[in-house]
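Architecture and fold: a report
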Amino acid sequence: MLARLRRSLFGTDADQREALRRFDPDLPTDRDEREWRFLNAAYALYWQTERARLRGRSYRNFCVGCGVYAYRPDLPLDDGRFRAFYGMNSKSAQDARNICAEPVAIDSATALGYTEAVGIIVIGNTQEDEHGNTPPTLRPCMHCRRFLRNSPIVKPETLVVTALPPPHPEAEWDEITHEVRTVADLMILYGEYELSAPG
């Protein structure tokens, strides 16, 4: 009976062994596992990031949210090794200084000693970029791309999910327009490949 219940919840015996391995607090977490955890958490992180976006301040009602799934290897697996941080943009007047959402979230993780941004989620309505193109999702601006390059916790392999706001309050992941690429691929997309390595 218990074995059948386990199979219904976790799949095959091999799936169960893999799940137990991934959640063993005594094992180190390699890059594949860190990425696996981010991708499995992406949908929940999306909605938390959307909450942050709605708290953004924009004189032209252009609000952006950013969520960062961060990793700190010196903390226990069940007590902070992985943690999410959130930020929103702020520009209260046309002549005010713009604060982008990405640095707010990423620097919050850095300030608490996290050493790797495993994945980043950016949510906002798309707009024309500096090249005059309007991409399907809101991608980090040129200033944020430079910030990503200089951040000590953002790696070329860090995953970046850019997404539109949800079409309705109960939208499933496949209903939400989104793109997934690495930081390195984002830099290549904008002809900034040299920025994919920290400088």
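In what follows, the accompanying structure is described. In this text the structure is predicted, and so the values were computed from the model without any measurement.

Within the open sheet, the five strands sit side by side as β3-β2-β5-β6-β7. Their pairing is mixed. Taken across any chain shown, the strands that pair with only one partner, and hence form the sheet edges, are β3 (82–88) and β7 (178–182). Each strand axis lies, on average, 15° off the axis of its neighbour in the sheet, ignoring direction. Sheet topology note: the strand β2 (residues 65–71)/strand β5 (residues 116–123) ladder contains seven bridges and is antiparallel. When the bridges of β5 are listed, tyrosine 71 appears paired with glutamate 116.

The subject of this paragraph is the pairing of β5. A large share of β5 lies buried, amounting to eight of its eight residues. Inspection of the sheet shows β5 paired to strand β6 (residues 159–163) by five bridges, in the parallel sense. Considered in β6, the bridge of isoleucine 120 is made with valine 160. Running through helix α5 (residues 142–150), the crossover from β5 to the neighbouring parallel element β6 is right-handed.

Our next topic: a negative patch on the surface. Together, Glu170, Glu172, Asp174 and Glu175 give the surface a local cluster of negative charge. Take glutamate 172: it is sitting in the loop between β6 and β7.

All chains considered together, the criterion is met by ten salt bridges. Here glutamate 116 makes a salt bridge to arginine 34, at a shortest N to O gap of 2.8 Å. One end of the pair, glutamate 116, is in strand β5; the other, arginine 34, is in helix α3 (residues 31–54), and 82 residues separate them in sequence. Arginine 34 carries the same exposure label as glutamate 116, and that label is buried. Through salt bridges with shared partners, one network takes in Arg31, Arg34, Glu35 and Glu116.

This part takes up the pairing of β2. Counted residue by residue, β2 has seven buried out of seven residues, so it is predominantly covered. Of the two faces of β2, the one carrying Gly65, Gly67, Tyr69 and Tyr71 and the one carrying Cys66, Val68 and Ala70 are both buried. Pairing of β2 with β3 involves seven bridges; the strand directions are antiparallel. Bridging across to β3, glycine 65 finds its partner in methionine 88.

The next point concerns the nonpolar core. In this structure, Cys66, Val68, Ile106, Ile120, Leu148 and Val154 are the most contacted members of the largest nonpolar core, which totals 24 residues. Elements with a contribution of two residues or more to this core: β2, α4 (101–111), β5, α5 and α6 (183–189). With four residues, the top contributor of residues to this core is α4. Contacts of cysteine 66, omitting those with residues within four sequence positions, involve Thr49, Phe85, Tyr86, Gly87, Ala101, Glu102, Ala105, Ile120, Ile121 and Val122. Counting 15 residues, the second largest nonpolar core, distinct from the first, contains Tyr69, Leu77, Phe82 and Ile121.

When its volume is computed, the largest pocket comes out at roughly 700 Å³. In terms of lining, the largest pocket is formed by 32 residues, of which the most central are Phe62, Asn98, Cys100, Gln127 and Cys141. Looking at the lining of the largest pocket, the elements with two or more residues in it are α4 and α5. With five residues, α5 is the single largest residue contributor to the lining of the largest pocket.

Parameters at a glance
- Residues numbered from 1 in each chain as written.
- Predicted model: local features only at pLDDT ≥ 70, side-chain atom pairs only at ≥ 80, totals over all residues.
- Heavy atoms only, no water.
- Pairing = 2+ DSSP bridges.
- Helix = DSSP H or I, 4+ residues; strand = E, 2+ residues; numbered from the N terminus.
- Axes fitted to C-alpha atoms, helices over the stretch in contact; angles between N-to-C directions.
- Buried < 20%, exposed > 50% of the residue type's maximum accessible area, 1.4 Å probe, protein only.
- Right-handed = clockwise from strand over helix to strand, strands pointing away.
- Patch = residues over 30% accessible without salt bridge, like charges linked within 9 Å, V, L, I, M, F, W, Y side chains within 5 Å.
- Areas by Shrake-Rupley, 256 points an atom, 1.4 Å probe, with all protein chains shown as cover.
- Salt bridge = Lys/Arg side-chain N within 4 Å of Asp/Glu carboxyl O.
- Lys, Arg positive; Asp, Glu negative; His and termini not counted.
- Charge placed at Lys NZ, Arg CZ, Asp CG, Glu CD.
- Core = buried A, V, L, I, M, F, W, Y, C linked by side-chain atoms within 4.5 Å.
- Contact = heavy atoms within 4.5 Å.
- 1 Å grid on protein atoms, 1.4 Å probe; cavity = no way out; pocket = protein on both sides within 12 Å on 5 of 7 lines; lining within 4 Å.
- Points joined across faces, edges and corners; volume = space filled by probe spheres on them.

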